[in-house]
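Each chain, written out:
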Amino acid sequence: MADVAEVAGTPTDRRQPRRDGTRTPTDLRLLGPAVLAWALAAATLGLAPTAHLVVAASAAVAGGLVLAVLRRRATAWQWPALILCLLVVLLQSAAAGHAVLRDRGGVAALADARAVVTAELVVTGDPVVLAGRGDSAQVLREATMQRVDARGASRTTAAPVLLTGDDRLVALPWRSTVRVSGRLGPTDPADDRAATLSLSGAPRVIAPPGTIAAAAERLRAGLRTAVDHAPEDARGLLPGLVIGDTSRTPEDLTEAMRATGMTHLTAVSGSNVAVVTGLVLGLCILVGIPRALRPVLAMVALAGFVVLARPEPSVVRAAVMGAIGLIGLSRSRRSAGPPVLGAAIIVVLVLDPWLARSFGFALSSLATLGLLLFTRPWGEAIGTRLPPRLAPLGPALAVPVAAQAMTAPVIVLLQGSVSVVGILANLLAAPLVPIATVAGVAAALLSVVWPGGAVLVAWVGIVPTTGIAQVARHFAQVPGGTMPWPDGWPGAVLLAGLTLLVLLTGRALAAGVAAHPALTVGAAVLLAAALLPTRTVTWPPDGWRVVVCDVGQGDAVVLRTGPGSAVLVDTGPDPPLVDGCLDRLGVATLDAVVLTHLHADHVDGLAGALDGRTVRQLLVGPVAEPAAADVQVRRLAGQRHIPVVVLHASDRLRLGELDAVVWSPVRRIAAGSVPNNASLVLAARTGTVDALLLGDIERESAHDLLLRLRREPSMAAAARGFEVVKTPHHGSANLDDDLMAAVRSPLGVISVGADNDYGHPSPRHLDVLRRNGYTVLRTDRDGDVAVVERGGVVSAVTTR
């Protein structure tokens, strides 16, 4: 959700006053055709060069016809139509030219043939490390191929490619020239990369980065070093705010910022540009630089910032939008905002046609348009309702509202939900962002000559950055803070229609509120009662026995042992999420915390489970892998003086109202994932509810358990009586069909995170459950899932 706050701080008149006091309409004669030409460019993206030229020629013919009519009789629609034809010719010709340049050297044909090649290329992107297990993590990195040797021929090219490999890709310096070997693969025709290149060996650096790139990297490294000793949130977030480096941002903080609509802060956007250029302009005023030179110096600073943040597409896009903000700084130039935005859209798409389908570019453009149209009138309206001393804050308060209103329909396409608290969260964070950004830039510059001083200056930015992180975390936990919304284009169109309706009727609604305050309050209360999820006020349900917590991509299952007490099986990956689930259930005492195995998505939330509660014991499985996680878990337990006990198959737990038996593991299974197959499997009864918790067992361990069920009549009998099964491994396809049939129950619960990188739950997993008659509930869609016992009747209740 990048670039939601483009050119913040550059309020612009939507309509300009004439001498007689009236206002002229907003000039959309260039912006309107630019948007239509952009839409056509997006629709035709990926076509062959000849197809682009045919479209361009058709537009040229249409433009000639319009011009011929225009010479005879001028009408209002003809000039925009002529401009549209000219822009279509320009964009389609640019797309054809880029397609020809990209295909120089025949890289696309080699990719279609999946040829093995040796290539020289320039590294142009930062490494992206995909989640994986152990040594299987995959690293992606973008590069531009300069030469390729394949099938006995050497060719020059300029094709952008996506490198895939292991962690050796991480160490490659940005803008370095490297030689690699690997296999090419095809991409979608509309993809901005011509091919993928899967590396088969170690990349070799044959030329270091240029002077400018090396200087930029030194500044970036200096900033990262300056915040090395900061708290975790600030250590990861401050480089993101300043230079868009999110490599060290905690995953749970990233998720909180996504839920609150604040991820634009960690993308290099127009807001960063506005802060930097605003600082330069302020210094120019202080030292008396002539007015005519100030925009020039601001542009020089802007170019330097682009180098610091790296001239990648998102940064260039932000710089263009920031330049629009500079034009808007002068009151006499504010009317130029929409036409300049239209021109900027065309220039950016000519330079990079593949941005036509970029959600980031759409968000940038919409946010900038919202600020140009609404910041000044809305800011004035807000200012008139504030105390006189606070009236100048009106435009600043209007910025996030205008940006959010314009970008919300596109954000729905990315998130499938609407953030109810996003505007307030951004309002609270907005005053902190400039302080953090300026301090971060200053620390980066100072690190070259005085690293110790850079650390001191960085702390000026660490404090507000920590505040931004706390805002994100707090608002992400607000009940009902994110409202589900129809997914895809229907949801986007619906939200766009509602937004337009509010914009058109806003004044009338405000007048109605002022005229009938009591009626308005009553309607608002009624609407809130209708929209507020019932579970936020009725949770937890009476008689709950088992609750599968929504902790993202991980497991945390609560088994009731008595009033205010429970056994927690696994803790999920995020301390605040499991802590919140236990708080909602009113659990003050944990008679035991059971860790089925030691993968991060089952143990990293342990600190949240222990926080503020009495915890009597920590129970773990017999396989202490990964070893580092075992050490960390035992260290945390030791700090809290909690005894650690190892469980084995057939061990029994009798704790209050809970009676549970460990069914697995009987032995260490070397096949598949050793920790997953060593997961503790619990058959538990709390009250009259029987539950089977299958941890993350994979096919090998599951089949071993199935054979034991067949051999042991007592286990086979118990397998026929479960009311709920927590299905294995978050819905993985790696399961045993026969075991799931043997332990079938009325309810199967999948503990899984929304939009996870693993494709969980898999279609095969869901199909197995449905074929065996399970009713399927999923934490990613249903939230916390509670199994409730009331009057001898067992049912399921969810928070969504």
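Residues numbered from 1 in each chain as written. Predicted model: local features only at pLDDT ≥ 70, side-chain atom pairs only at ≥ 80, totals over all residues. Heavy atoms only, no water.

**Student:** Mind showing me how you'd approach helix 25 (residues 699-711) here?
**Tutor:** Two residues of an α-helix separated by three or four positions point the same way, owing to the 3.6 residues in each turn. Counted at 1.5 Å a residue, the expected span for helix 25 with its 13 residues is 18 Å, and the 18 Å between its end C-alpha atoms agrees. All buried positions along helix 25 are accounted for by Ser701, Ala702, Asp704, Leu705, Leu706, Arg708 and Leu709. Buried residues in helix 25 make contact with strand 19 (658-664), helix 24 (674-677), strand 20 (681-686), helix 26 (713-719) and helix 27 (737-742). (Helix = DSSP H or I, 4+ residues; strand = E, 2+ residues; numbered from the N terminus. Expected span 1.5 Å × (residues − 1). Buried < 20%, exposed > 50% of the residue type's maximum accessible area, 1.4 Å probe, protein only. Contact = heavy atoms within 4.5 Å.)

**Student:** I keep staring at the sheet that holds strand 20 and nothing clicks. Help me out?
**Tutor:** Either a parallel or an antiparallel arrangement is found when strands of a sheet pair, and the pairing is made through backbone hydrogen bonds. The 7 strands lie next to each other as 18-19-20-21-22-23-24, forming an open sheet whose pairing is mixed. Only two strands of the sheet have a single neighbouring strand rather than two, namely strand 18 (652-655) and strand 24 (775-778). Adjacent strand axes in the sheet meet at a mean angle of 20°, parallel and antiparallel pairs treated alike. The pairing of strand 18 with strand 19 spans 4 bridges and is classified as antiparallel. Bridge pairing in strand 19 links Arg654 to Asp659. (Pairing = 2+ DSSP bridges. Axes fitted to C-alpha atoms, helices over the stretch in contact; angles between N-to-C directions.)

**Student:** Where do I start with the environment of Phe475 in this structure?
**Tutor:** Relative to the elements of secondary structure, Phe475 occurs in helix 16 (residues 451-476). Looking at Phe475, the relative accessible area reads 11%, which means it is buried. Each C-alpha atom, one on Phe475 and one on Leu424, is 8.9 Å from the other, the two residues being 51 residues apart in sequence. Residues within four places of Phe475 in sequence aside, it is in contact with Thr260, Val421, Leu424, Ala425 and Leu428.

**Student:** Looking at this model, I keep getting lost on the pairing of strand 24. Mind explaining?
**Tutor:** Moving residue by residue along a regular strand, the side chains alternate between the two faces of the sheet. Bridge analysis of strand 23 (residues 747-750) against strand 24 gives 4 bridges, and the strand direction is parallel. Paired with Ile750 across the strands is Arg778, a residue of strand 24. At this point the chain moves from strand 23, through helix 28 (residues 763-771), to the parallel strand 24, and the crossover so formed is right-handed. (Right-handed = clockwise from strand over helix to strand, strands pointing away.)

**Student:** Sorry, what's going on with the packing of aromatic side chains here?
**Tutor:** The relative placement of two aromatic rings is captured by the distance of their centres and the angle of their planes. As enumerated under the stated definition, the model contains 3 aromatic pairs in all. A centroid spacing of 4.9 Å and a plane angle of 50° characterise the contact between Trp38 and Phe361, whose relative ring orientation is tilted. Placement of Trp38 in helix 1 (residues 31-44) and of Phe361 in helix 12 (residues 359-384) is noted, with a sequence separation of 323 residues between them. Classification of Phe361 by relative accessible area gives buried; the value is 0%. With a centroid separation of 4.6 Å and 10° between ring planes, the pair formed by Phe374 and Trp378 is classed as stacked. Taken together, the residues span about one helical turn, with Phe374 and Trp378 both in helix 12 at a distance of 4 residues. Here Trp378 falls in the partly exposed class, since its relative accessible area comes to 24%. Between Arg175 and the ring centre of Trp174, over which it is positioned, the NZ or CZ distance is 6.0 Å. Directly above the aromatic system of Trp544 lies the positively charged group of Arg560, at a separation of 5.6 Å from the ring centroid. (Phe/Tyr/Trp six-rings, centres within 6.5 Å; stacked < 30°, edge-to-face > 60°. Lys NZ or Arg CZ within 6 Å of the ring centre and 35° of its normal.)

**Student:** Quick question: what am I supposed to make of the pattern of salt bridges here?
**Tutor:** Proximity of charged atoms lets side chains of opposite charge pair with each other. Per the counting criterion, the structure on display carries 26 salt bridges. The residue Arg545 makes a salt bridge to Glu657 at a minimum N-O spacing of 2.5 Å. Of this pair, Arg545 sits in strand 11 (residues 544-548) while Glu657 sits in the loop between strand 18 and strand 19, and the two are 112 residues apart along the sequence. Between Arg652 and Asp659 there is a salt bridge; the shortest N-O distance is 3.0 Å. According to the relative accessible area criterion, Asp659 is partly exposed, its value standing at 25%. (Salt bridge = Lys/Arg side-chain N within 4 Å of Asp/Glu carboxyl O.)

**Student:** I keep staring at the nonpolar core and nothing clicks. Help me out?
**Tutor:** Nonpolar side chains in soluble globular proteins tend to end up buried together. Ranked by size, the top nonpolar core spans 40 residues in total, and within it Leu237, Leu238, Leu241, Met257, Met262, Leu265 and Ile468 carry the most contacts. Counting residues per element, the ones that place at least two in this core are helix 5 (211-226), helix 6 (232-243), helix 7 (251-259), helix 9 (294-309), helix 10 (313-328), helix 14 (422-429), helix 15 (432-446) and helix 16. (Core = buried A, V, L, I, M, F, W, Y, C linked by side-chain atoms within 4.5 Å.)

**Student:** I'm lost on a nonpolar patch on the surface in this one. Help?
**Tutor:** On the surface, Leu293, Val296, Leu297 and Val300 cluster together to form a nonpolar patch covering roughly 340 Å² of accessible area. Among the residues examined, Val296 registers a relative accessible area of 47% and is labelled partly exposed. (Patch = residues over 30% accessible without salt bridge, like charges linked within 9 Å, V, L, I, M, F, W, Y side chains within 5 Å. Areas by Shrake-Rupley, 256 points an atom, 1.4 Å probe, with all protein chains shown as cover.)

**Student:** Would you explain empty space enclosed by the protein in this entry?
**Tutor:** Gaps left between atoms show up when a probe the size of a water molecule is rolled over them. As enumerated under the stated definition, the model contains 3 cavities of 30 Å³ or more in all. Roughly 70 Å³ of volume is contained in the largest cavity. Lining the largest cavity are Ala41, Thr44, Leu45, His52, Leu91, Gln92, Ala95, Leu349, Pro353 and Ala356. Elements represented by at least two residues in the lining of the largest cavity include exactly helix 1 and helix 3 (78-102). Residue contributions to the lining of the largest cavity peak at 3 residues, all from helix 3. Class assignment of the residues belonging to the lining of the largest cavity gives a composition of 7 nonpolar, 3 polar and no charged. (1 Å grid on protein atoms, 1.4 Å probe; cavity = no way out; pocket = protein on both sides within 12 Å on 5 of 7 lines; lining within 4 Å. Points joined across faces, edges and corners; volume = space filled by probe spheres on them. Nonpolar A, V, L, I, M, F, W, Y, C, P; charged D, E, K, R; others polar.)

**Student:** Help me understand the pairing of strand 14 (residues 589-595) in this model?
**Tutor:** Counting buried positions along strand 14 yields 7 of 7 residues, so the element is predominantly enclosed. At this point the chain moves from strand 13 (residues 565-569), through helix 20 (residues 575-585), to the parallel strand 14, and the crossover so formed is right-handed. Note that strand 14 and strand 16 (residues 618-620) share 3 bridges and pair parallel. Pairing of Leu595 across the sheet is with Val620, part of strand 16.

**Student:** Mind showing me how you'd approach the side chain of Thr260 here?
**Tutor:** The topology assignment puts Thr260 in the loop between helix 7 and helix 8 (270-287). Of the residues examined, Thr260 reaches a relative accessible area of 0% and is grouped as buried. Polar side-chain contacts of Thr260 include one of 2.8 Å to the backbone oxygen of Ala256. Side-chain polar atoms of Thr260 contact the backbone oxygen of Met257, separated by 3.3 Å. For Thr260, the contacting residues outside a window of four places in its chain are Ser419, Val421, Gly422, Ala425, Asn426, Ala472, Phe475 and Ala476. (Polar contact = N/O pair within 3.5 Å; in protein donor to acceptor, adjacent residues only side chain to side chain.)

**Student:** Looking at this model, I keep getting lost on the confidence of the model for the protein. Mind explaining?
**Tutor:** Atom-level detail of predicted coordinates should not be read off regions where pLDDT is low. Of all residues in the protein, 86% have pLDDT values of 70 or greater, and the mean over the chain is 82. Element-level mean pLDDT values for the protein span from 60 in helix 19 (residues 535-538) up to 96 in strand 13. Contacts of residues 131-135 to residues separated by more than four positions or lying in other chains number 8 contacts, the stretch itself having pLDDT below 50. Long-range and interchain partners of residues 329-333, a stretch whose pLDDT sits below 50, account for 8 contacts in this model, where long-range means more than four residues apart. (pLDDT = per-residue confidence, 0-100.)

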